[in-house]
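Structural overview for review
The chain contents come next:
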Amino acid sequence: MTGRFLLASAIATVAAGSAMAQSSGDWTGFYGGAQIGYADVDTNISGVDGNGTIGGIILGYDYDLGDWVVGGGFDYDWTGIDLTPGVEVEDVWRIKVRAGYNVIPEGLLYGVGGYAKAGTDSLGSDDGWFIGAGYEQIVAPNISVGGEILYHEFNDFDSTGIDVDATTFQIRAAYRF
């Protein structure tokens, strides 16, 4: 008898949790949060590259069209990646657009791209672009978590003749308004 009661309780709990997760599958609205991860930075100069931790804030807005979601956002990341003695990547910020498909009501698989700007401590800063992909999951009402991989390119960095490309992988958490 106790075993049946526990089994029935477990099934009811899972069903209630699934119903709550499905009801939270609307992506429309503003969000804000944080991200942290890894960045690998390469240049066209032999031996001038680096990798390390990167992390910062995320802000944006999504619009749910049913099976599809479109949106825009802003990311700002701090880092301290040494490329060579005296040259350190200090920050990266991005203006992005994204479009994705609801693989399940609370799970979004998306592509992303846009404008990026990277800053260093001694070479100045430069404009570039990025493209990538990610997955985001609503895990509780108003809370989502996900991961994103981005490829960045900065040609002729601050008119120095140095081409820079970077790949970042970050995990993110957001509060959705």
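The structure under discussion appears in the preceding block.
All figures in this text were calculated on a predicted structure; none of them were measured in a lab.

By secondary structure assignment, the location of Asp163 is in the loop between β7 (143-154) and β8 (164-176). Note on Asp163: relative accessible area 31%, which makes it partly exposed. It is 8.2 Å that separates the C-alpha atoms of Asp163 and Ile45, two residues lying 118 residues apart in sequence. Those residues within four positions of Asp163 in sequence are excluded, and the remaining contacts are Asp42, Thr43, Asn44, Phe154, Asn155 and Asp156. Side-chain polar atoms of Asp163 contact the backbone nitrogen of Asp156, separated by 2.8 Å.

Attention now moves to the sheet that holds strand β6 (residues 125-140). For sheets, the rule is that strands pair by backbone hydrogen bonds, running either parallel or antiparallel. Reading around the circumference, β1-β2-β3-β4-β5-β6-β7-β8 is the order of the 8 strands in this closed barrel, with antiparallel pairing throughout. Taken over all neighbouring pairs, the strand axes of this sheet differ in orientation by 20° on average, direction set aside. In the sheet, strand β4 (residues 87-104) pairs with strand β5 (residues 107-120) via 14 bridges, with the strands oriented antiparallel. In the sheet register, Trp93 faces β5, and the bridge partner there is Lys117.

The next subject is unusual backbone geometry. For Asp156, which is not glycine, the phi dihedral falls at a positive 50°. One can find Asp156 in the loop between β7 and β8. On the accessibility criterion, Asp156 (38% relative accessible area) is partly exposed. Here the phi dihedral of Ser159 falls at roughly 60°; this positive angle occurs in a residue that is not glycine. Locating Ser159 in the fold gives a position in the loop between β7 and β8.

Moving on: the packing of aromatic side chains. Counting across every chain of the model gives 8 aromatic pairs. Summarising the aromatic geometry, the rings of Trp68 and Tyr101 are spaced 5.0 Å apart at their centres and angled 65° between planes, so their arrangement reads as edge-to-face. Taken together, the positions of Trp68 in strand β3 (residues 68-84) and Tyr101 in strand β4 put the pair 33 residues apart, joining distant regions of the chain. Between Phe154 and Phe157 the ring centres are 6.3 Å apart and the planes differ by 75°, which places this aromatic pair in the edge-to-face class. Comparing Phe154 with Phe157 shows no difference in burial state: the two are buried. Here the aromatic cluster, defined as three or more aromatic residues joined through ring pairs, consists of Phe74, Trp93 and Tyr115. A cation over a ring is seen here: Arg98 above Tyr110, with NZ or CZ 4.4 Å from the ring centre.

Core analysis: the largest hydrophobic core is formed by 24 residues, its most contacted members being Val41, Ile81, Leu83, Phe154 and Val164. The set of elements that each furnish at least two residues to this core consists of β1 (29-43), β3, β4, β5, β6, β7 and β8. Top contributing element to this core by residue count: β5, with 5 residues. Filtering out sequence-adjacent residues up to four positions away, Phe154 remains in contact with Ala116, Lys117, Ala118, Asp126, Asp127, Gly128, Ile162, Asp163 and Val164.

Going residue by residue along β8, you find Val164, Ala166, Thr168, Gln170, Arg172, Ala174 and Arg176 tucked away on one face and Asp165, Thr167, Phe169, Ile171, Ala173 and Tyr175 left uncovered on the opposite face. Relative to β8, β1 runs antiparallel, the two being bridged by 13 bridges. Note on β8: the bridge partner recorded for Ala34 is Ala173. Both β7 and β8 contribute to a ladder of 12 bridges, which runs antiparallel. By the bridge assignment for β8, Tyr151 is matched with Thr167.

Definitions and cut-offs
- Residues numbered from 1 in each chain as written.
- Predicted model: local features only at pLDDT ≥ 70, side-chain atom pairs only at ≥ 80, totals over all residues.
- Heavy atoms only, no water.
- Helix = DSSP H or I, 4+ residues; strand = E, 2+ residues; numbered from the N terminus.
- Buried < 20%, exposed > 50% of the residue type's maximum accessible area, 1.4 Å probe, protein only.
- Contact = heavy atoms within 4.5 Å.
- Polar contact = N/O pair within 3.5 Å; in protein donor to acceptor, adjacent residues only side chain to side chain.
- Pairing = 2+ DSSP bridges.
- Axes fitted to C-alpha atoms, helices over the stretch in contact; angles between N-to-C directions.
- Phe/Tyr/Trp six-rings, centres within 6.5 Å; stacked < 30°, edge-to-face > 60°.
- Lys NZ or Arg CZ within 6 Å of the ring centre and 35° of its normal.
- Core = buried A, V, L, I, M, F, W, Y, C linked by side-chain atoms within 4.5 Å.

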